[in-house]
Amino acid sequence: MTTATGAGLDGVDLSGDDLSGGDDLSGDELTELLLRLLTDDDYRECLGERGAGALARNDAELSCLSSIDQRELDYTARRFRGNLWSGEGTGGIAGAFPRSLTLLERAGWTRKRLLAGFVRSPEFDGYRVVPYAGEGTSLEEAFATFAMSLSPEPADVEAPAPAGVETAEYADVATAESDDARMARTLRCTLQHEMLLAVFTALVHEHPVAFRVGIEGVMPTDNGHAVLRRYPAEVLTGWGTAVPGDGGERWCLYSATPRGVAFGPVSRRVADALSRPGEPAAEKVREALRMRGIW
């Protein structure tokens, strides 16, 4: 798990580039400049081609930018993205999203494209990559939210054949669109699933928790957190999760307690009860979950 203070700049040595030359730069200004140097390829290229004077907005920035060795900066930027991806060998995006990344690669999203888009996204801005930059979301929540935006929610109803086009003639196109919709739905479900497992694992093991959880529907429990999600049965089967019955959708419960993370399908009755706290039926369900150590 890579938290808002746990990776990104950790392990990236910036000592070769003296960025402290701007005593007049505030902490926020220095952070903004540092992250721009590491994440904005065009900005780094402009610095190398045109020099600090073309980019500096004031004397303090000019002092900082003039002290940078371009080769060291390019190396540091590559290592920065490598840390986001692999977490220095453990965790990181690659460790948290193995299935999702396979699906994204099939859709043409290579590691290079994903990282280039992610570090320039508003979702990355919500992830506080430096410890003193304030509380932010976890890397996994930020990445999953970004990646889900690459695959918009597919329509539930397939469009009819356009006017003037025979239904039979349109069948092949409709089938292709249906396949695309299924792939998009599978990707979104898988991103959400792997994100929840990673974030809930961090909630179990990190004390104090160093990030903000912005995931919709997360409920406090007696000993941790829980959330309900609904997935197509075929997606769950693809993950290796046993699903009773055929077809349709299934409710699933994620639970994080000191005993660990639990995940699995639950009945509609259980899901309905947990969605309506305060009712007698909900309390019976909670008590049953308490006895199993997952509430």
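Fair warning: this is a prediction, and the values are worked out from it, not measured in the lab.

1. A word on the overall build of the protein chain
Then, number 1: The number of helices and strands found in the protein chain is 13 helices and four strands.
Then, number 2: Counting across all 295 residues of the protein chain, residues that qualify as buried make up 44%.
Then, number 3: Summarising the internal contacts of the protein chain: among those between residues at least 6 apart in sequence, 64% fall at separations of at least 24.

2. A closer look at the packing of helix 2 (residues 41-50) against helix 4 (residues 70-86)
Then, number 1: At a minimum axis separation of 10 Å, helix 2 and helix 4 run at an interaxial angle of 170 degrees. Taken together, the axis directions place helix 2 and helix 4 in an arrangement best described as roughly antiparallel. Side by side, helix 2 and helix 4 meet where Asp41, Arg44, Leu47 and Gly48 of the first sit next to Gln70, Leu73, Asp74, Ala77 and Arg81 of the second.
Then, number 2: A class-by-class count of the residues in the contact of helix 2 with helix 4 yields three nonpolar, two polar and four charged.

3. Examining the pairing of strand 3 (residues 249-257)
Then, number 1: Strand 3 sits mainly inside the fold: seven of its nine residues count as buried.
Then, number 2: Where strand 2 (residues 225-232) lies against strand 3, eight bridges are found, and the strand directions are antiparallel. When the sheet's bridge partners are listed, histidine 225 is paired in strand 3 with alanine 256.
Then, number 3: Bridge count for strand 3 against strand 4 (residues 260-266) is seven bridges, and the pairing is antiparallel. Directly across from threonine 257, in strand 4, lies its bridge partner glycine 260.
Then, number 4: Turn length for the strand 3-strand 4 hairpin, with the two strands adjacent in sequence and antiparallel, is two residues.

4. A word on the sheet that holds strand 2
Then, number 1: The strand order 1-2-3-4 describes an open sheet built from four strands, whose pairing is antiparallel. Each edge of the sheet is formed by a strand with only one pairing partner; in this case those strands are strand 1 (219-220) and strand 4.

5. Concerning the packing of aromatic side chains
Then, number 1: Within the structure shown, the criterion is met by ten aromatic pairs.
Then, number 2: Between the aromatic rings of phenylalanine 97 and phenylalanine 143, the centroid separation amounts to 5.2 Å while the plane-to-plane angle is 55 degrees, which identifies the pairing as tilted. Of this pair, phenylalanine 97 sits in the loop between helix 5 (92-96) and helix 6 (98-106) while phenylalanine 143 sits in helix 9 (residues 139-149); the two residues are 46 residues apart in sequence, bridging distant segments of the chain. By the burial criterion, phenylalanine 97 is buried, and phenylalanine 143 matches it.
Then, number 3: Ring geometry for phenylalanine 124 against tyrosine 127: centres 5.8 Å apart, planes inclined by 70 degrees, an arrangement best described as edge-to-face. Tyrosine 127 matches phenylalanine 124 in its accessibility class, with the two residues each being buried.
Then, number 4: Aromatic ring contacts, followed pair by pair, group Phe80, Phe97, Phe118, Phe124, Tyr127, Phe143 and Phe146 into a single cluster.
Then, number 5: One residue, arginine 113, lies across the ring of tryptophan 109, its end atom 3.8 Å from the ring centre.

6. Some points on the confidence of the model for the protein chain
Then, number 1: Model confidence for the protein chain is summarised by a mean pLDDT of 83, while 80% of its residues fall at 70 or above.
Then, number 2: Across residues 3-22, where pLDDT falls below 50, the model places 58 contacts with residues more than four positions away in sequence or in other chains.
Then, number 3: Confidence drops under pLDDT 50 across residues 154-167; counting only partners more than four residues distant or on other chains, this segment forms 13 contacts.

7. Remarks on the environment of phenylalanine 118
Then, number 1: Inspection of the secondary structure assignment puts phenylalanine 118 in helix 7 (residues 111-118).
Then, number 2: On the accessibility criterion, phenylalanine 118 (0% relative accessible area) is buried.
Then, number 3: With 29 residues separating them in the primary sequence, phenylalanine 118 and alanine 147 have C-alpha atoms 8.1 Å apart.
Then, number 4: Apart from residues lying up to four places away in sequence, phenylalanine 118 is in contact with Ile93, Phe124, Leu139, Ala142, Phe143 and Phe146.

8. Comments concerning the nonpolar core
Taken as a class, soluble globular proteins show a tendency for nonpolar side chains to be buried jointly.
Then, number 1: Counting residues in each nonpolar core, the largest one holds 48 residues, and the members touching the most others are Ile93, Phe97 and Phe143.
Then, number 2: Residue contributions to this core peak at eleven residues, all from helix 10 (residues 167-205).

9. Remarks on the pattern of salt bridges
Then, number 1: As enumerated under the stated definition, the model contains 14 salt bridges in all.
Then, number 2: For arginine 57, the salt bridge is made with glutamate 32, and the minimal N-O distance between the two is 3.0 Å. Residue arginine 57 is located in the loop between helix 2 and helix 3 (59-66), and its partner glutamate 32 is located in helix 1 (residues 27-39); the two are separated by 25 residues in the primary sequence.
Then, number 3: When the shortest N-O distance is used, the salt bridge between aspartate 179 and arginine 182 registers 2.3 Å. Placement of the pair is aspartate 179 and arginine 182 together in helix 10, with a separation of three residues, close to one helical turn.
Then, number 4: For arginine 182, a relative accessible area of 37% corresponds to the partly exposed category.

Criteria and thresholds
- Residues numbered from 1 in each chain as written.
- Predicted model: local features only at pLDDT ≥ 70, side-chain atom pairs only at ≥ 80, totals over all residues.
- Heavy atoms only, no water.
- Helix = DSSP H or I, 4+ residues; strand = E, 2+ residues; numbered from the N terminus.
- Buried < 20%, exposed > 50% of the residue type's maximum accessible area, 1.4 Å probe, protein only.
- Contact = heavy atoms within 4.5 Å.
- Axes fitted to C-alpha atoms, helices over the stretch in contact; angles between N-to-C directions.
- Parallel < 35°, antiparallel > 145°, perpendicular 65-115°, else oblique.
- Nonpolar A, V, L, I, M, F, W, Y, C, P; charged D, E, K, R; others polar.
- Pairing = 2+ DSSP bridges.
- Phe/Tyr/Trp six-rings, centres within 6.5 Å; stacked < 30°, edge-to-face > 60°.
- Lys NZ or Arg CZ within 6 Å of the ring centre and 35° of its normal.
- pLDDT = per-residue confidence, 0-100.
- Core = buried A, V, L, I, M, F, W, Y, C linked by side-chain atoms within 4.5 Å.
- Salt bridge = Lys/Arg side-chain N within 4 Å of Asp/Glu carboxyl O.

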